[in-house]
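A look at the structure
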Amino acid sequence: MPESRDKTPIALTPAQMMHRAARIEDWLHDRREGFARKRGYRPMVIPFTGYGSTGWVRILCRVLLAKPEKPGSVPREKKPRTDGRDAGIRGWRSFTSVPVKAVIVTIEISGEIHEVEADRGGVVDAVVQVSLTPGWHVARLHTENSAVQEAPVLIVAPGTTRGIVSDVDDTVMVTTLPRPLLAAWNTFVLDEHARVPTPGMAVFLERLAAASPGAPVIYLSTGAWNVAPTLTRFLSRNLYPSGALLLTDWGPTHDRLFRSGREHKRENLRRLALEFPDMRWILIGDDGQHDEAIYSEFMQEFPGSVAAVAIRQLSPSEAVLAGSRSKDAVEGTEESPWVYGPDGSSLANQLAEYGLL
């Protein structure tokens, strides 16, 4: 803490305690927001899938500035292409939108109204108290004078003992790029229709979900919330089971220049274990990142919360691009087996031997 001339500590304001990069980012967003509003742009809520229990629900969405559609016009994302394909969407477009920080979002669910505040990246990640029956429900979200958007929410039934957590890159989606270039390419360049699903993984996850009706499916990734709509369309188009995306915000934090993807995964796994203390999770990842180490740490911290771990092994070429395979291979137990395989079919066959499919 800085000191005055007489050595008396000087208390810093929250803004002064923020990392310089975060202050610069906030200044830039403020300038862009002011400019966009002058051009007639208005807040728009981007809803994401949420989850919860019969007494609470976790609402996820993001607030961006968007140009209002002209009366009678066809929304840009619904305009057909001349080649018969849906509109191709480059990842960089999702990063040119202007987030709206500290805006109040109104949540209507189960006949009740709640108000929450978006964070400095325009992201809402809030828990509200509700009384809902198990199954899928809809939360209606809006802010200021924006249109109402509907966010699907899965309410987990009491007594549900199985859940599924899956990584995204190199687990449900083949990336085949060097790690230093992977995030930039997938985020800013790649057309969403060019993303390739991992062989057999959609069927594997669908079988897991079917084997445990009502089990929540969580896609836990270090990707930014900016690409959530793209990932949602990818998962739906390739027939992955519906579930919540748990991503991270883009850019610096209050105290760091770069966000920690590993800590993001650790925090959300701990949160899931505390939210559903009686649930045992099937954790799915790959051996090209740190999934094995993260899942192993989680199993040590919450030994009763892991039903099994399934690790997709990268091909030799994928391993080279990923910077070699992880050296964190773990021996499972009879109660919490670890299985390894190159694709979804192999992993499914092994888990079936343990009676998990």
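Residues numbered from 1 in each chain as written. Predicted model: local features only at pLDDT ≥ 70, side-chain atom pairs only at ≥ 80, totals over all residues. Heavy atoms only, no water.

Some thoughts on the overall build of the protein
Check the secondary structure of the protein and you find 10 helices and 16 strands. Residues classed as buried in the protein amount to 48% of the 357 residues present. Pairs at least 24 apart in sequence give 71% of the contacts found in the protein among residues at least 6 apart. (Helix = DSSP H or I, 4+ residues; strand = E, 2+ residues; numbered from the N terminus. Buried < 20%, exposed > 50% of the residue type's maximum accessible area, 1.4 Å probe, protein only. Contact = heavy atoms within 4.5 Å.)

Topic: the environment of Thr 222
Take Thr 222: it is sitting in strand S12 (residues 217-224). Taking relative accessible area as the criterion, Thr 222 reaches 33% and is therefore assigned partly exposed. Taking C-alpha positions, Thr 222 is 8.3 Å from Leu 246, a pair spaced 24 residues apart along the chain. When near neighbours in sequence (up to four residues on either side) are disregarded, Thr 222 contacts Thr 248, Gly 261, His 264 and Lys 265.

Observations concerning the nonpolar core
Counting residues in each nonpolar core, the largest one holds 61 residues, and the members touching the most others are Phe 204, Tyr 240, Leu 283 and Ile 284. Core analysis: the second largest hydrophobic core is formed by 24 residues, Val 45, Val 103, Val 105 and Val 128 among them. (Core = buried A, V, L, I, M, F, W, Y, C linked by side-chain atoms within 4.5 Å.)

Topic: the sheet that holds strand S15 (residues 306-312)
If you trace the 6 strands from one edge of the open sheet to the other, you get S13-S12-S9-S14-S15-S16, paired in parallel fashion. Of all the strands in the sheet, just strand S13 (244-248) and strand S16 (338-341) have a single pairing partner and so form its edges. For this sheet, the mean angle separating the axes of adjacent strands, direction not counted, is 20°. As paired elements, strand S9 (residues 162-166) and S12 share 3 bridges and run parallel to each other. Across the sheet, the residue bridging to Ser 166 is Tyr 219, located in S12. Here helix H7 (residues 261-275) sits on the sheet and contacts S9, S12, S13 and strand S14 (280-286); the angle it forms with S12, its principal contact strand, is near 155°. Sheet strands touched by helix H10 (residues 344-353): S14, S15 and S16. Its angle to S16, the strand with the most contacts, is close to 150°. (Pairing = 2+ DSSP bridges. Axes fitted to C-alpha atoms, helices over the stretch in contact; angles between N-to-C directions.)

Observations regarding the packing of aromatic side chains
Inspection of every chain in the model, using the stated rule, returns 7 aromatic pairs. Measuring from centroid to centroid gives 6.1 Å for Tyr 51 and Trp 56, while their planes differ by 80°, and the two rings are edge-to-face. Judged on exposure class, the residue Tyr 51 and its partner Trp 56 are both buried. Centre to centre, the rings of Phe 234 and Tyr 240 are 6.3 Å apart; their planes meet at 25°, and the pair counts as stacked. By relative accessible area, Tyr 240 is classed as buried at 5%. An aromatic cluster of three or more residues is present, and its members are Tyr 51, Trp 56, Phe 276 and Trp 281. (Phe/Tyr/Trp six-rings, centres within 6.5 Å; stacked < 30°, edge-to-face > 60°.)

Remarks on the pattern of salt bridges
Using the criterion set out here, one finds 10 salt bridges in the structure. Arg 271 serves as the salt-bridge partner of Asp 125, at 4.0 Å between the closest nitrogen and oxygen. With Asp 125 in strand S6 (residues 123-129) and Arg 271 in helix H7, this pair connects stretches of sequence that are 146 residues apart. On the accessibility criterion, Asp 125 (37% relative accessible area) is partly exposed. In this structure, Glu 275 and Arg 271 form a salt bridge, with 2.9 Å as the shortest nitrogen-oxygen distance. Taken together, the residues span about one helical turn, with Glu 275 and Arg 271 both in helix H7 at a distance of 4 residues. Through salt bridges with shared partners, a single network forms among Glu 263, Arg 266, Arg 270, Glu 297 and Glu 301. (Salt bridge = Lys/Arg side-chain N within 4 Å of Asp/Glu carboxyl O.)

Some remarks on the packing of helix H5 (residues 201-211) against H10
Taken N-terminus to C-terminus, the directions of H5 and H10 make an angle of 30°; their axes are 7 Å apart at the nearest point. In terms of orientation, H5 and H10 fall into the roughly parallel class. Two packed elements cross with a definite hand, and for H5 against H10 that hand is left-handed. The residues of H10 that touch H5, namely those facing Met 201, Phe 204, Arg 207 and Leu 208, are Gly 344, Leu 347, Ala 348 and Leu 351. (Parallel < 35°, antiparallel > 145°, perpendicular 65-115°, else oblique. Left-handed = near helix turned anticlockwise from the far one by under 90°.)

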